[in-house]
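# Descriptive analysis of the structure
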Amino acid sequence: MSERFARLNARFPHKRAFITGASSGLGLELAKALAADAWTLGLFDRNLERLTSVEATFADAGVKLVAYPGDVTQADELTVAVNSFAATHDGMDVMINNAGVAGAGSMMEVSLEDWRWIVDINMMGVVHGCRAAIPHLQRNGSGLLINVASAAAFASAPGMVSYNATKAAVLSISETLVNELRPVGTQVSVAMPTFFRSSLLETLRGPEQARAFAHTIMQRSEYSAEAAAHDLLTEAADGRTYIVLPKAARTLWRMKRWMPVRFLDRLRQFAQH
């Protein structure tokens, strides 16, 4: 047993986790981290080529997993996959709603088509994942539901309106579920990482200038997806509801809550440079 996640392993001795957006980036690093501790995994992703490659690599390493090709915007596809995983393994302990895409642009720059696209994936994908997983987590009486949002959920930087809005929705959904699921013993955590090195920007839609700025910010980051996965799982195992990553970003989180107007002024000044 890895000492890194000993607490998580002790809480869930059956070690059964389902992850969306699992073929790359943070989702893949979360899968790797849990696989190293001998968890049984359900991996869900719409990129069949990547998912097949991950499945083969994990299988060669002796990881117990089931790969499910599918799209989180399709509630039936995700529900069938979650139900199949839970039925095959006599339950499910952890659900991680990680799948997401990036969007950039101001209110008048983001087309209605792109609004629908990002809402369907970033917000409704989480809704679909929660609805699919909650019955199984409730039955356990000790489940863990992790929704991956972003620091954008509270930062609301200019030029990222659609991304900010969908990640704020994930935060609100998670906060609501904290109290809805507490009586049945299910923990709900929401992860809010700042930019870290990942494949997220492969999906980025928006004006060229906004895309270039996002790429610049990500390239400057010294925080990796592997580190984010480790920190996320550690914080969730400790029972944290709000997981702001990396730790240095918690200053931003506190400033937004305590001095919101000053925070927005600082954010505007940062975006102008």
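Because the structure is a prediction, the values reported are computed rather than measured.

The next thing to look at is the pairing of strand S1 (residues 16-20). For S1, the buried fraction is high: five of the five residues fall into the buried class. The side-chain alternation of S1 yields two buried faces, one formed by Arg 16, Phe 18 and Thr 20 and the other by Ala 17 and Ile 19. In the classification by handedness, the crossover that spans S1, the intervening helix H2 (residues 25-35) and the parallel strand S2 (residues 40-45) is right-handed. Judged from the three bridges that link them, S1 and strand S4 (residues 94-97) form a sheet pairing that is parallel. Bridge assignment links Ile 19 to a residue of S4, and that residue is Ile 96.

Under the definition given, this model contains six aromatic pairs. Ring pairing ties together the aromatic residues Phe 18, Phe 44, Tyr 68 and Phe 85, which thus form one cluster.

With that settled, the discussion passes to the side chain of Ser 23. Its place among the elements puts Ser 23 in the loop between S1 and H2. Side chain to side chain, Ser 23 and Asp 45 meet in a polar contact 3.1 Å long. Apart from residues lying up to four places away in sequence, Ser 23 is in contact with Leu 28, Asp 45, Asn 47, Arg 50, Leu 51 and Val 54.

Before going further, it helps to spend a moment on helix H5 (residues 112-140). Over its 29 residues, H5 extends 41 Å from the first C-alpha to the last, a length consistent with the 42 Å expected when each residue adds 1.5 Å. Positioned one or two residues after H5, Gly 141 has a phi angle of 80°, which is positive.

Burial within strand S6 (residues 187-193) is extensive, with seven of its seven residues counted as buried. Side-chain alternation along S6 places Gln 187, Ser 189, Ala 191 and Pro 193 on one buried face and Val 188, Val 190 and Met 192 on a second face that is also buried. Across five bridges, strand S5 (residues 144-148) lies against S6 in parallel orientation. Within S6, the position partnered with Val 148 by the bridge is Ala 191. Relative to strand S7 (residues 242-245), S6 runs parallel, the two sharing four bridges. Among the inter-strand pairings, Ala 191 is bridged to a residue of S7, identified as Ile 243.

Counting 46 residues, the largest nonpolar core has Phe 18, Met 92, Met 95, Leu 145 and Met 192 as its most contacted members. Among the elements of the structure, helix H4 (75-88), H5, helix H6 (152-155), helix H7 (161-181), S6, helix H10 (250-258) and helix H11 (260-272) are those that each provide at least two residues to this core. Ranked by the residues each element gives to this core, the list is headed by H5, at nine residues. In contact with Leu 145, other than residues within four places in its own chain, are Met 95, Asn 97, Cys 130, Leu 137, Leu 177, Leu 181, Thr 186, Gln 187, Val 188 and Ser 189. The next biggest cluster of nonpolar side chains, apart from the first, holds 39 residues, and it includes Leu 8, Ile 19, Leu 34 and Val 94.

What counts as what
- Residues numbered from 1 in each chain as written.
- Predicted model: local features only at pLDDT ≥ 70, side-chain atom pairs only at ≥ 80, totals over all residues.
- Heavy atoms only, no water.
- Buried < 20%, exposed > 50% of the residue type's maximum accessible area, 1.4 Å probe, protein only.
- Helix = DSSP H or I, 4+ residues; strand = E, 2+ residues; numbered from the N terminus.
- Right-handed = clockwise from strand over helix to strand, strands pointing away.
- Pairing = 2+ DSSP bridges.
- Phe/Tyr/Trp six-rings, centres within 6.5 Å; stacked < 30°, edge-to-face > 60°.
- Polar contact = N/O pair within 3.5 Å; in protein donor to acceptor, adjacent residues only side chain to side chain.
- Contact = heavy atoms within 4.5 Å.
- Expected span 1.5 Å × (residues − 1).
- Core = buried A, V, L, I, M, F, W, Y, C linked by side-chain atoms within 4.5 Å.

Treat this as a map of the structure, not an account of what it does.
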